[in-house]
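Structural overview
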Amino acid sequence: MIVLVAIKPLIDPLVPVRVRADGSGIEAEDARLVINPVDENGLEAAVRLKEQNLASTVIVVSIGPESWDGPLKTALALGADRAIRIDTNAPLDPLPTARLLAAVTLIEKTTLLITGRQAVDRDQGVVGLMTAGMLGWAQAAFVSSIDAVHPDALTLTRDLDHGREQRRVPLPAVLTVDPRLNTPRYASLPAIMRARAKPVERLDPDGLGITLTSDLIWKAHLPKKPRPPGVRVRDVQELAERLHARGWRACPS
Amino acid sequence: MSILILVDATHADGHLEITARLIGAARALPGPITLFVIGEPEDPGIAPLARLEGVNAVRMVALEINGAVNAEELTERLVTLAAAFTHILAPANRFGAEILPRLGGRLGITPVTGVVEIDADGSLVRAMHAGNVLARVTTTAHPVLLTAHPWAFAAVGVGERAAPVEPEPKLMAMKGSTALGLTKAVRPEGMPGLSSARIVVAGGAGLEKGGDFAPVEELAKALGGAVGASRGAVDAGLAPAELQIGQTGLVLAPELYIGLGISGAVQHLAGIKDAGCIVSINIDPSAPLAAMADLALTADAREAVAAFIKTLSKLS
C-alpha cells in the first residue's frame, strides 16, 4: 500500500500573527516555517503503518514555493521515503490545491491519502475532503484512531459532534486526522543529516494540465479586536460578587 | 436566489437552535429557504423545524441505518439538488465540516468555512489563524457553499404555521463504508448541550492531579451550564473528545465561560474568543487565559469551586 501524506508548511503558529497594514494578508517576513501540526499527526500515522509493514512506501507532497523544501526535508527525516513539491510561486487556494493533490494521488498509484483535518493558519479544513470528492473515494474525517488495517479496508474511530463513531472504510480512501490520533516523533539528528542529502522531487503544475485559478477572492484581512483588559479578583468572595453584579445566579438546589 | 440549509437531526443535541440561527444568517440573503433535514421522520424533534420562521419548504431524508450519516451517499444526493440553489449552508460543526468540502470537491467549488458574518452584497467574513484574524471573502462559485458558526447569528423564532414537509428517498449505506457503532455522549439530565449553552464551564489539565472532572460538573450544575474541556483535559482522559473546545474542537461564544485549571493554549483560546464574559480560575497567574479573562482568580480550581458555589448561592 502506497500512502501519500499531504503537508502544508506554515508560519509557526506559536508566533503571534500580524496582519499587513493594507489588509492584503498576513505578514510573513522572516517567518520560520513548520509543518502544519495536524499534518505531522498524519505523517506519523503513515510512518507507523510502514513500520508495521502495512504500508510499502510513504510519500509526502506539498504544493507551494521553494521555501517549502525545508519542511519537506523535515518530513523525510521523520520517516517519509520520498518528498514531492509541486512548484508554485505562492501557496494556492483550496480548489487548485485539491485538484493538484488528486492528480498526484493518481500518478503515484496511492491507495491511502492522509491530511490533517485543517491547516491552523487559514483554518479552512477543506482540502482533504475536497480531494476525496474529486477522486470519488471513500472518506473518513476527524480520525482519532486507526484500529485495524485489512487488505481492502480500514477500521477507524472518528470524533463526531455527538460521540465517537467506529467505521469500516473501503480502500482507496482519504483520511483527515485529528491531533488525538498520535503523538508525532521528533526527528533524530542522524535522520536530519541523512534527509539533507535526499532530494525533494519537483513537479511542474503545467505538466499536470490543471488550471490554478481559484473561486475565492480574499478582499481584506483584519486583526481581531483585543478584549478590554480584565480584573484580577482577590478571592472567591470577590469573584462571586462580581458575577452576581453582572446578573449571574446559582440555580436553586 | 434560493437557499438550502442542511440539518443533522440524527441526534437530539440542539439542532433546532442551530437551525434557527442558520436561518437567521441566511436572512441576509434574498430568496426562499428550504431545509434539508436528515433524521427519523417520526422523531418529535422534527416538527418544530418546519415551523421555524422563514422556512418555505422542508425536505425530509431518513437513513437506512439510524444515526449513521454516510458522507459519500449524502453528498451524492446533494449533488443532484445543488443546481437549484444559489447558497447551501451547514453549521460549522463536524457535520458541516465533513459534508460541504466533499460536496465542494464533487462540484469544483471551495466552501467558505467558519463564517461569522454575511453581508447583503453576499460577501462573507470568516475567522482564521486561531480566531486572531477576520477575513472578508467573496466567491465566484455557483452555488455558494458555506458553513456558519451558529452563535454568530440571531435565532429566528418558532411560529404557528408549518412549512410543507416533502419526504425524500432514504439515504442508503454505501457499499463498503459501514458505521460499526457509535459511542454516544451522555450528559446529566437537564444539562444543556455544549454547542448551544449560554453558560459553559470548562476544565483543563490543571485538574489532572485530582483525577476527575467533578469540580467542572458541579459548577456547571450549580450554574445550569454545560461542561466543556480543553485538549489537555481530553488528552489526560478527564473528558470525552466531543467536549473539546478550541481550534480543532468546538468554537463557541457562550454568554459566560468559566475555565477551571486551564492555562489557555492558543488553540483553546480560539474556541472562546467571542464569549460574553470570560472567567479563569487557575493556580498560575501568568497563564494566557488568566491574562485574557475578564475576571481572573489565582487559586487551585479544585479547591476554589466548592467555596465559590456556596458564596454565589448565598448571594443568589
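Residues numbered from 1 in each chain as written. Chains lettered and ligands numbered in written order. Predicted model: local features only at pLDDT ≥ 70, side-chain atom pairs only at ≥ 80, totals over all residues. Heavy atoms only, no water.

For chain A, the count of helices and strands is six helices and 13 strands. In terms of overall dimensions, chain A has a C-alpha envelope of 65 × 45 × 40 Å along the principal axes. Expressed as a percentage of its 253 residues, the buried residues of chain A come to 53%. Once local pairs closer than 6 in sequence are excluded, the contacts in chain A between residues at least 24 apart make up 70%. (Helix = DSSP H or I, 4+ residues; strand = E, 2+ residues; numbered from the N terminus. Buried < 20%, exposed > 50% of the residue type's maximum accessible area, 1.4 Å probe, protein only. Contact = heavy atoms within 4.5 Å.)

This part is about the pairing of strand β8 (residues 144-148) of chain B. All names here are of chain B. For β8, the buried fraction is high: five of the five residues fall into the buried class. Strand direction decides the pairing type here: strand β4 (residues 87-91) and β8, joined by five bridges, are parallel. Each bridged residue has a counterpart across the sheet, and for P91 the counterpart in β8 is A148. As paired elements, strand β5 (residues 112-118) and β8 share two bridges and run parallel to each other. Bridge assignment links V112 to a residue of β8, and that residue is L146. (Pairing = 2+ DSSP bridges.)

Here we come to the environment of A:A138. Residues and elements named next belong to chain A. Tracing the backbone shows A138 in strand β7 (residues 138-149). Residue classification places A138 among the buried residues on the basis of a relative accessible area of 5%. Each C-alpha atom of the pair A138 and L175 lies 8.7 Å from the other, and the pair is 37 residues apart in sequence.

Another point: the confidence of the model for chain B. Mean pLDDT over chain B stands at 93; residues scoring 70 or higher make up 98%. For this predicted complex, the interface confidence comes out at an ipTM of 0.96, alongside a pTM of 0.95. (pLDDT = per-residue confidence, 0-100.)

Here we take up the environment of A:L212. Positionally, A:L212 belongs in the loop between β11 (201-203) and β12 (216-223). Not counting residues up to four positions away in its chain, the partners in contact with A:L212 are A:T88, A:L92, A:P96, A:L100 and A:P205.

Inspection of the secondary structure puts A:T110 in the loop between α3 (94-107) and β6 (112-116). Among residues more than four places away in sequence, those in contact with A:T110 are A:I2, A:V3, A:L4, A:T105 and A:W137.

All right, on to the sheet that holds strand β9 (residues 165-167) of chain B then. Reading across the sheet, the ten strands line up as β12(A)-β7(B)-β6(B)-β5(B)-β8(B)-β4(B)-β1(B)-β2(B)-β3(B)-β9(B) and stay open at both edges, with mixed pairing between neighbours. In this open sheet, the two edge strands, each paired with only one partner strand, are β12 of chain A together with β9 of chain B. Averaged over neighbouring strand pairs, the angle between their axes works out to 35° when direction is ignored. Pairing of β12(A) with strand β7 (residues 133-139) of chain B, which is carried by seven bridges, proceeds in the antiparallel orientation. When the bridges of β7(B) are listed, A:P223 appears paired with B:V133. (Axes fitted to C-alpha atoms, helices over the stretch in contact; angles between N-to-C directions.)

Moving on, we come to the interface of chain B and chain A. Opposite the 95 residues of chain B that make contact, chain A presents 73 residues. Between chain B and chain A, roughly 7,200 Å² of surface is buried when both sides are summed, and carbon and sulfur atoms account for 57% of that area. Of all residues in chain B, the largest losses of buried area upon contact with chain A belong to B:R94, B:T110 and B:L295, amounting jointly to 9% of the total for that side. Our enumeration of links across chain B and chain A arrives at three salt bridges. (Buried area = accessible area lost by both parts, 1.4 Å probe. Salt bridge = Lys/Arg side-chain N within 4 Å of Asp/Glu carboxyl O.)

Turning our attention to the pattern of salt bridges. The full count for this structure, using the stated rule, is 33 salt bridges over all chains. Between A:E44 and A:R48 there is a salt bridge whose closest N-O contact spans 2.7 Å. With A:E44 and A:R48 both in helix α1 (residues 37-51) and four residues apart, the pair spans about one turn of that helix. With a relative accessible area of 5%, A:E44 lands in the buried category. Note that B:E168 is salt-bridged to B:R77, the shortest N-O span being 3.7 Å. With B:E168 in the loop between β9 and β10 (178-184) and B:R77 in helix α3 (residues 71-81), this pair connects stretches of sequence that are 91 residues apart. Across the pair, B:R77 and B:E168 agree in class, each one buried. Each of A:R117, A:D159, A:R164, A:D178 and A:R180 takes part in one network of salt bridges that share partners.

Before going further, it helps to spend a moment on empty space enclosed by the protein. Rolling a probe over the atoms, with the probe sized like a water molecule, indicates the empty space that remains. Scanning the entire structure with this criterion turns up three cavities of 30 Å³ or more. Taken as a whole, the largest cavity spans an internal volume of roughly 110 Å³. Going through the elements one at a time, β8 (153-160) of chain A together with α4 (94-107) of chain B are the ones with two or more residues in the lining of the largest cavity. In terms of residue count, the dominant contributor to the lining of the largest cavity is α4(B) (three residues). The residue makeup of the lining of the largest cavity, split by class, is four nonpolar, three polar and six charged. Estimated volume of the second largest cavity: approximately 90 Å³. Lining the second largest cavity are A:R167, B:L63, B:E64, B:I65, B:A68, B:N70, B:L171, B:M172, B:A173, B:S177, B:T178 and B:A179. A class-by-class count of the residues in the lining of the second largest cavity yields seven nonpolar, three polar and two charged. (1 Å grid on protein atoms, 1.4 Å probe; cavity = no way out; pocket = protein on both sides within 12 Å on 5 of 7 lines; lining within 4 Å. Points joined across faces, edges and corners; volume = space filled by probe spheres on them. Nonpolar A, V, L, I, M, F, W, Y, C, P; charged D, E, K, R; others polar.)

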